[in-house]
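Breakdown of the fold
Below are the chains, spelled out letter by letter.
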Amino acid sequence: MASAALKDELDIVIPTIRNLDFLEMWRPFFEPYHLIIVQDGDPSKIIKVPDGFDYELYNRNDINKILGPRSSCISFKDSACRCFGYMVSKKKYIYTIDDDCFVAKDPSGKDINALEQHIKNLLCPSTPHFFNTLYDPFRDGADFVRGYPFSLREGVPTAVSHGLWLNIPDYDAPTQLVKPLERNTRYVDMVLTIPKGTLFPMCGMNLAFDRDLIGPAMYFGLMGDGQPIGRYDDMWAGWCCKVICDHLGLGIKTGLPYIYHSKASNPFVNLKKEYLGIFWQEEIIPFFQSHTFSKDCTSVQKCYVELSKQVKEKLGKVDPYFLKLADAMVTWIEAWDMLNPANNGSSK
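Residues numbered from 1 in each chain as written. Predicted model: local features only at pLDDT ≥ 70, side-chain atom pairs only at ≥ 80, totals over all residues. Heavy atoms only, no water.

Attention now goes to the UniProt feature "site: Required for activity" (unreviewed entry) in the chain. Per the UniProt record, "site: Required for activity" (unreviewed entry) is found at Arg146 and Arg153. Among the secondary structure elements, Arg146 is positioned in the loop between α4 (114-123) and β6 (158-167). (UniProt positions renumbered as here; feature names shortened; annotations may be inferred. Helix = DSSP H or I, 4+ residues; strand = E, 2+ residues; numbered from the N terminus.)

One covalent bond between the sulfur atoms of two cysteine residues makes up a disulfide. On inspection of all chains with the given rule, the structure shows zero disulfides. The closest cysteine sulfur to the non-disulfide-bonded Cys203 is located on Cys101, 7.4 Å from its own sulfur. With no disulfide partner, Cys303 has as its closest neighbouring cysteine sulfur the one in Cys297, 4.6 Å distant. Relative accessible area serves as the criterion here: at 0%, Cys303 is assigned to the buried category. (Disulfide = S-S within 2.5 Å. Buried < 20%, exposed > 50% of the residue type's maximum accessible area, 1.4 Å probe, protein only.)

Core analysis: the largest hydrophobic core is formed by 68 residues, its most contacted members being Ile214, Met218, Tyr219, Trp236, Phe288, Tyr304 and Trp332. If we skip the residues at most four places from it in the chain, Tyr219 touches Cys73, Cys83, Asp233, Trp236, Ala237, Tyr304, Leu325, Ala328, Met329 and Trp332. Residues Leu23, Val103, Ala114 and Leu122 belong to the second largest nonpolar core, which totals 31 residues. (Core = buried A, V, L, I, M, F, W, Y, C linked by side-chain atoms within 4.5 Å. Contact = heavy atoms within 4.5 Å.)

Turning next to the packing of helix α9 (residues 300-314) against helix α10 (residues 321-339). Helix-helix packing is characterised by the crossing angle of the two axes and by the distance between the axes. Orientation of α9 relative to α10, taken along the N-to-C sense of each, is 165°, at an axis distance of 8 Å. Here α9 is positioned roughly antiparallel relative to α10, judged by the angle of their axes. Relative to α10, α9 is oriented so that their crossing is left-handed. Contacts between α9 and α10 pair Gln301, Tyr304, Val305, Leu307, Ser308, Val311 and Lys312 from the former with Phe322, Leu323, Ala326, Asp327, Met329, Val330, Trp332, Ile333, Trp336 and Asp337 from the latter. (Axes fitted to C-alpha atoms, helices over the stretch in contact; angles between N-to-C directions. Parallel < 35°, antiparallel > 145°, perpendicular 65-115°, else oblique. Left-handed = near helix turned anticlockwise from the far one by under 90°.)

Attention now goes to the packing of aromatic side chains. According to the stated counting rule, one finds 20 aromatic pairs in the structure shown. Geometrically, the ring pair formed by Phe144 and Tyr148 is tilted, given 4.6 Å between the ring centres and 50° between the ring planes. When the centroid spacing of 5.3 Å and the interplanar angle of 75° are considered together, the rings of Trp236 and Phe288 count as edge-to-face. With Trp236 in helix α7 (residues 233-248) and Phe288 in helix α8 (residues 267-290), this pair connects stretches of sequence that are 52 residues apart. Considered together, Trp236 and Phe288 belong to a single accessibility category, that of buried residues. It is Arg153 that lies over the ring of Phe150; its NZ or CZ is 3.7 Å from the centre. (Phe/Tyr/Trp six-rings, centres within 6.5 Å; stacked < 30°, edge-to-face > 60°. Lys NZ or Arg CZ within 6 Å of the ring centre and 35° of its normal.)

Together, Leu177, Val178, Phe268, Leu271, Tyr275 and Phe279 line one region of the surface with nonpolar side chains, adding up to about 640 Å² of accessible area. Of all the elements in the fold, those that place two or more residues in the nonpolar patch are α5 (173-178) and α8. A per-element tally of the nonpolar patch places α8 first, with four residues. Assignment of secondary structure puts Phe279 in helix α8. Among the residues examined, Phe279 registers a relative accessible area of 59% and is labelled exposed. (Patch = residues over 30% accessible without salt bridge, like charges linked within 9 Å, V, L, I, M, F, W, Y side chains within 5 Å. Areas by Shrake-Rupley, 256 points an atom, 1.4 Å probe, with all protein chains shown as cover. Salt bridge = Lys/Arg side-chain N within 4 Å of Asp/Glu carboxyl O.)

On to the side chain of Asp136. Relative to the helices and strands, Asp136 resides in the loop between α4 and β6. Judged by its relative accessible area of 5%, Asp136 falls in the buried class. Within the local environment of Asp136, its side chain forms a polar contact with the backbone nitrogen of Phe138, the two atoms lying 2.9 Å apart. With near-sequence residues (within four places) excluded, Asp136 lies in contact with Cys124, Ala142, Val191 and Lys253. (Polar contact = N/O pair within 3.5 Å; in protein donor to acceptor, adjacent residues only side chain to side chain.)

Here is the structure:
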């Protein structure tokens, strides 16, 4: 695959509060692509971007100006603000990465081109309906094993490619507290399709997706400033995306590529952000596991709006936060359709 595959069809979205020196390391891989930088926090702060990158930068003032009253659905003081970048992009594919993620090395010591692997994952089918014991049958050197039904070998379109991390694992605060020195050094050369009907914890720091197929469901929720919860933005988006992908016949892959996650966040700060979510997820997960869509849900937008009604009705009993979140889900779809009128999936 050419080093700049899909260069005119993919945007890289980066949420940040600091200068983007980390891009120097990614220059060989990212420089051909367009970057969308979503600046969180103080909009008067100047964010420096290394020379040579093609980018647009949005701060809170820009978000308020572009979305008007609908900007209320975009989180503040939380990396969940990145989903604004998904909304303003005009490309088919999105890759999003955190600014503390560096280039990882494979076991031979070679730099890993994470973007190239994500593109490979997205451009070949997923197999959610039947598990292939040799993992991704579309990778070089693999295939469908004996006993795999021929009727299912075409697979389904891949909507999401979920990458992993070497060094600092993506743990919750209680796990961080009991394993403060644990580092992920295991490089597993594997890509899997997550089976239909199975939820997973989606991490947003090394993630790619097909915006045309699943973009309107990639809402990272209401987190951070003024909200009772944080660090569940990508989880929420992952649960919503998974049930919608299952309904619409789309696939999600996880595994390669790896990035190097350079620094652990403070577990005590994380615990304050997460502790309600740790309780709530015991109700949220069964909600998503038992959720079914009506036959009228033929587009991502229609699925998402119907899901928001169920969130209000069923999770609203868990905490009033979910009433607010359900309203924000609808506002998000309205804002998405406003900025993407040609691809609005007629959610009304």
